[in-house]
Amino acid sequence: MSADVHDPISVIATKRDGGVLGDAQIEWAVDAYTRGRMAPEQMSALLMAIVLRGMGRREIATWTRAMVDSGRRADWRALRRDGRPLVTVDKHSTGGVGDKITLPLAPLVASYGLAVPQLSGRGLGHTGGTLDKLESIPGWRAELSVDEMTAQLERVGAVVCAASPDLAPADRLLYALRDITGTVESIPLIASSIMSKKIAEGTGALVLDVKVGSGAFLPDLGAARELAATMVDLGERAGVATSALLTNMDTPLGRSAGNAVEVAESLEVLAGDGPDDVVELTVALAREMLELGGVTGVDPAENLRNGRAMDSWRAMVTAQGGDPDAPLPRAAHTDVVVAESSGRLRRMDARAVGDAAWRLGAGRSVPGEAVQAQAGVVWHAVPGDLIEAGATLFTLHTETPERFAPARAALSGAVEIGADIGDGEPGAGTSGDARPLVIERVRFGG
Ligand code: URA
């Protein structure tokens, strides 16, 4: 290693001046920061240089590997069922409003004999966390030991639980720093952050749901495409079969955003019903996961209809201490938002709906804050529907009614109601150039 490698200023200067960081420089910087041997001011400067100058694919791969190497890499290769090895496959979503897809998807994929080791986080901001949603089920427990996870994967096939702190600890430290230094918005840093956690989780295959649109982390299609391609590349370089779907997040998914309200909607999907868009995305992602896991010639919609996915769900919830038959918590207070005019609903802004759910208590503003299981927003119309003035557009749920006013403020301007031009005529349906739910698929090298 050259003397320069150990000098934080030369590492920062290399990137500041638009140079390419060598493997040794990256490995040293990530390791030194994780061990407290590089000052936060210096890592902040390096992160800002990366935001402004970018990183090439090799630099991103090295940065990601250094974050994986900062902790333990889980290994599920010894999993067996009936004496045969189990194939592991997971899904990661970049986060969207009303995105409850993990809830029906993990048991659905498990019902075809694959193992889904889904390690999740808790939500921050306008998109909720999967663990927060599941914790609204009475008794359900997010913290599992490795032995408990192993037993559940072998017996049930699906597990959704909290990621242990020894997986990619460098990412946790770097993300906390990025959060307070304006350095989150960088495709190389986002891609390496997400993929370091997924690679450390030890899955054999991974499907990424990269959201595009107003409620997404990256509203722009080109940026989302670049993020997806970067993550697929990182996964494949690390030996994880990876593909991505770019999916629309201009409009919130399904009919609800919050915690218990999203579990209730997921149960409808698992019962063979539920909103069309949630079913469509669940089936599309399941198809990708099954294909990567080597299960071909099946229609994933089938196990939603015949109850097998529901059986897997019940087994998964029960294995984690939850009671699948217990009533879900209901809010003590509800309020409604009504349509101000008649016509066709042209747009419903995902970000505004997510903000409203958050303001009602479904999400947190600082890590560690408690969330309300009962809080959320349910909407009664979707873009394309005809509505009458005075009809209920949203029902707001909370335990703390003083939250209604800020939630209503978030929703002002969230919907656009236009003249009813009629189906099939120019301009009918939703506003602008509405995108399909599944926009495109991104595969390695393609
Ligand atoms: N999610 C992550 O895990 N990391 C990022 O950098 C952004 C979103």
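Just so it is clear, the model here is predicted, and its values are computed rather than measured. (Residues numbered from 1 in each chain as written. Predicted model: local features only at pLDDT ≥ 70, side-chain atom pairs only at ≥ 80, totals over all residues. Heavy atoms only, no water.)

## Considering the packing of aromatic side chains
By the definition in use, this model includes zero aromatic pairs. Between the NZ or CZ atom of K197 and the centre of the ring of Y175, over which it lies, the distance is 6.0 Å. (Phe/Tyr/Trp six-rings, centres within 6.5 Å; stacked < 30°, edge-to-face > 60°. Lys NZ or Arg CZ within 6 Å of the ring centre and 35° of its normal.)

## Overview of unusual backbone geometry
Located in the positive-phi region is D82, a residue other than glycine, with phi close to 50°. Of note in this structure, A168 is not a glycine but carries a positive phi near 45°. Within the secondary structure layout, A168 lies in the loop between β5 (158-162) and α8 (169-179). The class for A168 is buried, based on a relative accessible area of 1%. (Helix = DSSP H or I, 4+ residues; strand = E, 2+ residues; numbered from the N terminus. Buried < 20%, exposed > 50% of the residue type's maximum accessible area, 1.4 Å probe, protein only.)

## Thoughts on the pairing of strand β4 (residues 116-120)
Counting buried residues in β4 gives five out of five residues, a clear majority hidden from the surface. Of the two faces of β4, the one lined by V116, Q118 and S120 and the one lined by P117 and L119 are each fully buried. In this sheet, β5 lies alongside β4 in parallel orientation, the contact comprising five bridges. In the sheet register, S120 faces β5, and the bridge partner there is A162. (Pairing = 2+ DSSP bridges.)

## Some thoughts on helix α12 (residues 276-292)
Between its first and last C-alpha atoms α12 spans 24 Å; for 17 residues at 1.5 Å apiece the expected length is 24 Å, and the two agree. Taken together, the buried positions of α12 are occupied by V278, L281, T282, V283, A284, L285, A286, E288, M289 and L290. Following α12 by one or two positions, G294 adopts a phi angle in the positive range, close to 85°. (Expected span 1.5 Å × (residues − 1).)

## Description of the domain arrangement of the chain
Segmenting the chain into domains produces domain 1 (8-68), domain 2 (80-326 + 438-443) and domain 3 (333-418). Of note, the centres of domain 1 and domain 3, computed from C-alpha atoms alone, are 42 Å apart. (Domains from an automatic or database assignment.)

## Some remarks on the nonpolar core
If you look at the biggest cluster of nonpolar residues, it comprises 71 residues, and the most contacted ones within it are V109, W313, V353, V377, F394, L396 and L411. Residue-level mapping places this core at the junction of two domains, with at least three residues from each of domain 2 (80-326 + 438-443) and domain 3 (333-418). Among residues more than four places away in sequence, those in contact with L411 are V337, A352, V353, A356, F394 and L396. Of all hydrophobic cores here, the second largest spans 61 residues; its members include L47, A74, L79 and L208. (Core = buried A, V, L, I, M, F, W, Y, C linked by side-chain atoms within 4.5 Å. Contact = heavy atoms within 4.5 Å.)

## A few points about the sheet that holds strand β3 (residues 89-93)
The four strands are arranged β3-β6-β7-β15 in an open sheet whose pairing can be described as mixed. Here the strands that pair on one side only, and so sit at the sheet edges, are β3 and β15 (438-442). Taking the axes of each pair of neighbouring strands and ignoring which way they run, one obtains an average angle of 20° across the sheet. Pairing geometry for strand β7 (residues 241-248) and β15, over four bridges, is antiparallel. Bridge pairing links L245 to R441 in β15. Against the sheet, helix α9 (residues 187-201) touches β3, β6 (205-212) and β7, its axis set at about 160° to β3. Packed on one face of the sheet, α12 meets β3, β6, β7 and β15 and runs near 150° to β6. (Axes fitted to C-alpha atoms, helices over the stretch in contact; angles between N-to-C directions.)

## Re the site of the ligand
Around the ligand lies a shell formed by Y175, R178, I190, S193, I194, K197 and F217. For the ligand, a nitrogen atom lies 2.6 Å from a polar atom in the side chain of S193. Between the ligand and the protein, one listed contact pairs an oxygen atom with a side-chain N or O atom of K197 at 2.5 Å. Isolated, the ligand exposes 240 Å² of accessible area, and the fraction of that covered by the protein chains is 85%. The residue makeup of the shell around the ligand, split by class, is four nonpolar, one polar and two charged. (Near = heavy atom within 4 Å. Polar contact = N/O pair within 3.5 Å; in protein donor to acceptor, adjacent residues only side chain to side chain. Areas by Shrake-Rupley, 256 points an atom, 1.4 Å probe, with all protein chains shown as cover. Nonpolar A, V, L, I, M, F, W, Y, C, P; charged D, E, K, R; others polar.)

## Remarks on the packing of α9 against helix α10 (residues 221-237)
Between two packed helices, the angle of one axis relative to the other and the distance separating the axes together describe the packing. Look at α9 against α10: their axes get within 9 Å of each other, and the N-to-C directions meet at 40°. Overall, the two elements α9 and α10 adopt an arrangement that is oblique. Our pair here, α9 against α10, has a crossing hand that is right-handed. Facing I187, I190, A191, S192, I194, M195 and I199 of α9, the residues of α10 in contact are A223, E226, L227, T230, M231, L234 and G235. (Parallel < 35°, antiparallel > 145°, perpendicular 65-115°, else oblique. Left-handed = near helix turned anticlockwise from the far one by under 90°.)

## Overview of the environment of V156
Mapped onto the elements, V156 comes out in the loop between α7 (146-155) and β5. V156 gets classed as buried once you look at its relative accessible area, which sits at 8%. Separated by 157 residues in the primary sequence, V156 and W313 place their C-alpha atoms 8.9 Å from one another. Setting aside residues no more than four positions away along its own chain, V156 makes contact with R81, A110, S312, A315, M316 and A319.

## Quick word on the environment of K100
Along the chain, K100 turns up in the loop between β3 and α5 (102-110). Each C-alpha atom, one on K100 and one on A257, is 8.4 Å from the other, the two residues being 157 residues apart in sequence. With sequence-adjacent residues up to four places away left out, K100 is seen in contact with K133, L253, G254, R255, S256, E262, E265, S266 and V278. A distance of 2.8 Å separates the side chain of K100 from the side chain of E265, its partner in a polar contact.

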